[in-house]
Amino acid sequence: MEPIVWEWVNVLVRWLHVITAIAWIGSSFYFIHLDLSLRRRDGLPPGVAGEAWQVHGGGFYNMMKYTVAPPELPEKLTWFKWEAYATWLSGFALLSVLYYHGAALYMIDPAVLDIPWWGGVLLSLGALGLGWHVYDRLCKSPLGKDDVKLAAAGFVFLVLVAWGLSHVFSGRAAMLHVGALIGTMMSANVFRIIIPNQTKAVAAMKAGQVPDPALGKQAKQRSLHNNYLTLPVVFLMISNHYPLAFGTRYSWVIVAVVLVVGAVIRHFFNSRHAGKPTPWWTWAVAAAGVAVIVGLSAAGTRTESAAAPARVELAQVEFAQVEEVVLSRCSMCHAAQPVWEGIGVAPRGVMLDSAEAIGRHAPQIRVWAALSDAMPPGNVTGITPEERRLLAAWTDQLPR
């Protein structure tokens with residue numbers, strides 16, 4: 001029963017994570033849109049920076065934003081914070097259930113760095129904690145006074161992290177950990193900066209004092225970072241389902257391109273909401289970025305000798321050779337009765353324990369085990385570059 005229980009724990013925690021992420025992203029996008037769409041007009045109350053009229057669900061809403069704070073606080077004040085906290089907590093729970101509990105299978109790749117499972121967990125925790133600290137120091141450094149320079153420094157930092165993690169973890173875990181770090185930065189922005197600054201502003205008002213405008217400026221900067229990082233972090237979190245994203249040689253470069261693509265798409269919508277000229281050029285940049293990602297994903301696995309397997313010239317491959325590789329490297333998990341410890345059912349329902357099943361799943365074998373090193377996870381069965389090349393040549397020979 002244990003594998004079945006863990007599978008359901010995985011599903012339920014993932015479900016919770018998706019729900020909380022939707023709530024957080026939804027409120028974040030809404031307030032960015034609201035903030036950018038505010039307009040000034042004559043007759044607004046003192047201290048109001050602008051207002052926006054909105055219609056939804058058959059009702060009309062008149063939204064106003066005070067530059068610092070209203071003259072007096074209402075009895076009921078809604079705080080938007082638990083969406084962020086719950087997203088991070090559920091995400092860390094999912095990281096623990098899937099990657100920490102299954103570190104030997106999903107996180108550690110001996111061909112990249114041969115370390116015990118507990119070493120991988122410690123490196124993971126260290127990357128998340130240290131990563132937040134470096135980012136926070138950058139924001140509080142002189143660079144933090146210039147949003148453009150800070151953004152450039154943050155971009156370089158995240159790309160270096162992606163490159164470093166690609167030399168520590170499996171491709172799947174490396175890319176997901178970049179997403180986990182960005183999620184940690186975003187959640188910590190709310191927990192350590194945005195909410196505490198708002199709390200100080202409220203306390204100052206209750207004491208009859210004028211809140212420090214610098215608190216709001218700092219919180220707004222971090223909120224803007226969260227806004228521009230949202231689309232990249234969503235891509236990185238779902239990337240573990242797509243081997244050509246995480247299981248190829250230049251996966252860390254793909255992370256860099258995704259950061260740019262996500263940022264320019266957000267810039268397009270932010271500019272539109274603010275009433276500025278529409279930056280249509282952003283879609284050209286995004287399309288070019290996607291084309292670059294597709295090209296990078298075709299560069300082959302991270303194993304040098306398996307480079308560009310689709311272009312390797314081999315003699316006609318006999319199916320018996322392919323069957324031997326698949327049965328010896330894949331079928332211990334992908335079978336009606338998996339024999340790998342901790343695997344209760346064949347992953348994704350894919351069974352590769354017969355000639356007919358191997359032929360039927362040739363496209364998946366090509367993507368997951370020939371063009372990328374996604375399978376076997378962590379290369380736990382020791383598939384060789386030559387065997388990956390053999391699988392690639394076989395799938396090349398099949399009719400399209």
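The coordinates are above.
So, a few notes on the structure that sits alongside this text. None of these values were measured; they are calculated from a predicted model. (Residues numbered from 1 in each chain as written. Predicted model: local features only at pLDDT ≥ 70, side-chain atom pairs only at ≥ 80, totals over all residues. Heavy atoms only, no water.)

A closer look at the packing of aromatic side chains
To keep it simple, the criterion reads: Stacked, tilted and edge-to-face are the three classes applied to pairs of Phe, Tyr and Trp rings, where Trp contributes its six-membered ring and a pair requires centres within 6.5 Å; stacked means planes under 30 degrees apart, edge-to-face means over 60, and tilted covers the rest. For a Lys NZ or an Arg CZ to count as sitting over a ring, it must be within 6 Å of the ring centre and within 35 degrees of the ring normal.
Enumeration according to the criterion identifies 14 aromatic pairs in this entry. Taking the centre distance of 5.1 Å and the plane angle of 90° together, the rings of Phe 268 and Phe 269 count as edge-to-face. Taken together through their ring pairs, the aromatic side chains of Phe 268, Phe 269, Trp 280 and Trp 283 make up a single cluster. The ring of Trp 79 has Lys 81 sitting right over it, with the charged end atom 5.8 Å from the ring centre. Across the ring face of Phe 29, the terminal group of Arg 266 is positioned such that the distance to the ring centre comes to 4.1 Å.

Thoughts on helix α5 (residues 147-165)
Heads up, the condition is: To qualify as a helix, a DSSP run of H or I must reach at least 4 residues; to qualify as a strand, a run of E must reach at least 2; elements of each kind are numbered from the N terminus. By definition here, a helix of n residues has an expected span of 1.5 Å times n minus one. For the exposure calls, accessible area comes from a 1.4 Å probe over protein chains only, and a residue counts as buried if that area is under 20% of its type's maximum, exposed if over 50%, partly exposed in between. Only heavy atoms enter the contact rule, under which two residues are in contact if any of them lie within 4.5 Å. The definition of a polar contact used here is a pair of N or O atoms within 3.5 Å, where within protein one atom must be able to donate a hydrogen and the other to accept one, and adjacent residues in sequence count solely through side-chain atom pairs.
Under the 1.5 Å per step criterion, the end-to-end length of α5 is 27 Å for 19 residues, consistent within 8% with the ideal 27 Å. Residues of α5 that are buried: Leu 150, Gly 154, Phe 157, Leu 158, Val 159, Val 161, Ala 162 and Leu 165. At its buried positions, α5 is contacted by α4 (117-140), α6 (171-206), α7 (213-238) and α9 (251-273). Measuring from the side-chain oxygen of the N-cap residue of α5 to the backbone nitrogen of Val 148 gives 3.0 Å; that N-cap residue is Asp 146.

Quick word on the packing of α4 against α6
How two helices pack is summed up by the angle between their axes together with the distance between the axes. Operational definition: To get an axis, fit a line to the C-alpha atoms, keeping to the stretch in contact for a helix; angles then go from 0 to 180 degrees between the N-to-C directions. When an angle is under 35 degrees it counts as roughly parallel; over 145 it counts as roughly antiparallel; between 65 and 115 it counts as roughly perpendicular; any other value is oblique. When the near helix sits turned anticlockwise from the far one by under a right angle, the crossing is termed left-handed; a clockwise turn instead gives a right-handed crossing. In this classification, Asp, Glu, Lys and Arg are treated as charged, Ala, Val, Leu, Ile, Met, Phe, Trp, Tyr, Cys and Pro as nonpolar, and every other residue, Gly included, as polar.
The geometry of α4 relative to α6 is characterised by a closest axis approach of 9 Å and an angle of 55° between their N-to-C directions. Here α6 runs oblique to α4, going by the angle between their axes. Classified by chirality, the crossing of α6 by α4 is right-handed. Contact with α4, carried on its side by Ser 124, Ala 127, Leu 128, Gly 131, Trp 132, Tyr 135, Asp 136 and Lys 140, involves His 177, Ala 180, Leu 181, Thr 184, Met 185, Ala 188, Asn 189, Arg 192 and Ile 193 of α6 and no other residues of that element. Broken down by class, the residue content of the contact of α4 with α6 amounts to nine nonpolar, five polar and three charged.

What to know about the packing of α4 against α5
Contact pair α4 / α5: the axes reach a minimum separation of 10 Å and the direction vectors enclose 160°. As judged from the angle between their axes, α4 and α5 are roughly antiparallel. Judged by the twist between their axes, the crossing of α4 over α5 is right-handed. Counting all contacts with α4, which are made through Ala 127, Gly 131, Val 134, Tyr 135, Leu 138 and Cys 139, the residues of α5 involved are Leu 150, Ala 153, Phe 157 and Leu 165. Residues belonging to the contact of α4 with α5 are distributed by class as follows: nine nonpolar, one polar and no charged.

A closer look at a nonpolar patch on the surface
Our working definition: Patch definition: residues above 30% relative accessible area lacking any salt bridge, with like charges linked at up to 9 Å and the nonpolar side chains Val, Leu, Ile, Met, Phe, Trp and Tyr linked at up to 5 Å. Computed with the Shrake-Rupley method and a 1.4 Å probe, the accessible areas treat only the protein chains shown as cover for residues. When a carboxyl oxygen of Asp or Glu lies within 4 Å of a side-chain nitrogen of Lys or Arg, that pair is called a salt bridge.
A contiguous nonpolar patch, built from Ile 4, Trp 8, Val 11, Leu 12, Trp 15 and Ile 19 and spanning about 640 Å² of accessible area, is present on the exposed surface. Relative to the helices and strands, Val 11 is located in helix α1 (residues 2-37).

Examining the side chain of Asn 226
In this fold, Asn 226 is placed in helix α7. Of note is the side chain of Asn 226, whose polar atom sits 3.2 Å from the backbone oxygen of Met 186. Among the polar contacts listed, one links the side chain of Asn 226 to the side chain of Asn 189, at a separation of 3.0 Å. Those residues in contact with Asn 226 that lie beyond four places of it in its chain are Trp 24, Met 186, Asn 189, Val 190 and Ile 194.

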